[in-house]
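Remarks on the overall topology
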Amino acid sequence: MGRAAAIIGVSHDFLRRLGELKLFTPLRSPGGHRRYSRHQLRLAIRARELCDRGTPLDAACRIISLEDQLEEALRINRERERLTEID
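Residues numbered from 1 in each chain as written. Predicted model: local features only at pLDDT ≥ 70, side-chain atom pairs only at ≥ 80, totals over all residues. Heavy atoms only, no water.

Quick notes on helix α3 (residues 38-52)
An α-helical segment advances 3.6 residues per turn. Residues three or four places apart therefore align on the same side. Heads up, the condition is: Comment: elements are numbered from the N terminus, with helices defined as DSSP H or I runs of at least four residues and strands as E runs of at least two. Here the expected length of a helix is defined as 1.5 Å per residue gap, with one fewer gap than residues. In this scheme, a residue with accessible area under 20% of its type's maximum is buried, one over 50% is exposed, and one in between is partly exposed, where area comes from a 1.4 Å probe on protein chains only. Residue contacts are defined here by distance: any two heavy atoms, one from each residue, within 4.5 Å place the two residues in contact.
For α3, with 15 residues, the first-to-last C-alpha span of 21 Å sits near the 21 Å given by 1.5 Å per residue. The set of residues buried in α3 consists of Gln40, Leu41, Leu43, Ala44, Ala47 and Leu50. Turning to α3, the residues buried within the fold contact α1 (2-8), α2 (12-20), β2 (34-35) and α4 (57-86). Looking one or two residues past α3, glycine 54 carries a phi angle of roughly 100 degrees, positive in sign.

What to know about the packing of α2 against α3
This is how the line gets drawn: To obtain each axis, a line is fitted to C-alpha atoms, and for helices this fit is confined to the stretch in contact; angles are then taken between N-to-C directions over 0 to 180 degrees. Between 65 and 115 degrees an angle is taken as roughly perpendicular, under 35 as roughly parallel, over 145 as roughly antiparallel, and anywhere else as oblique. Note on residue categories: nonpolar means Ala, Val, Leu, Ile, Met, Phe, Trp, Tyr, Cys or Pro, charged means Asp, Glu, Lys or Arg, and polar means any other residue, Gly included.
Interaxial distance between α2 and α3 falls to 11 Å at its minimum, and their mutual angle equals 105 degrees. As the angle between them shows, α2 and α3 are arranged roughly perpendicular. Each of Phe14, Leu15 and Leu18 in α2 lies in contact with α3, whose residues at this interface are Ala44, Ala47, Arg48 and Cys51. Residue composition of the contact of α2 with α3, by class: six nonpolar, no polar and one charged.

Put into structure tokens, the structure is as follows:
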């Protein structure tokens, strides 16, 4: 956790709060240490950016969640359109 926090410029508590707010769930090492994927670090960076602009952390997590849902819906729509064009 310490290295991840240092890489993205946040506190350990900030990363813990992202987990508490269910933005993501880090994997755990056999010793119980939190391990973050690159995707999770990108989400944490996005949360930090929103918070730096004055967005409360819980709202930032909700915004990021909605952005991810929108991105997935757009991907599904593009795939359906592609399949429709093939038919």
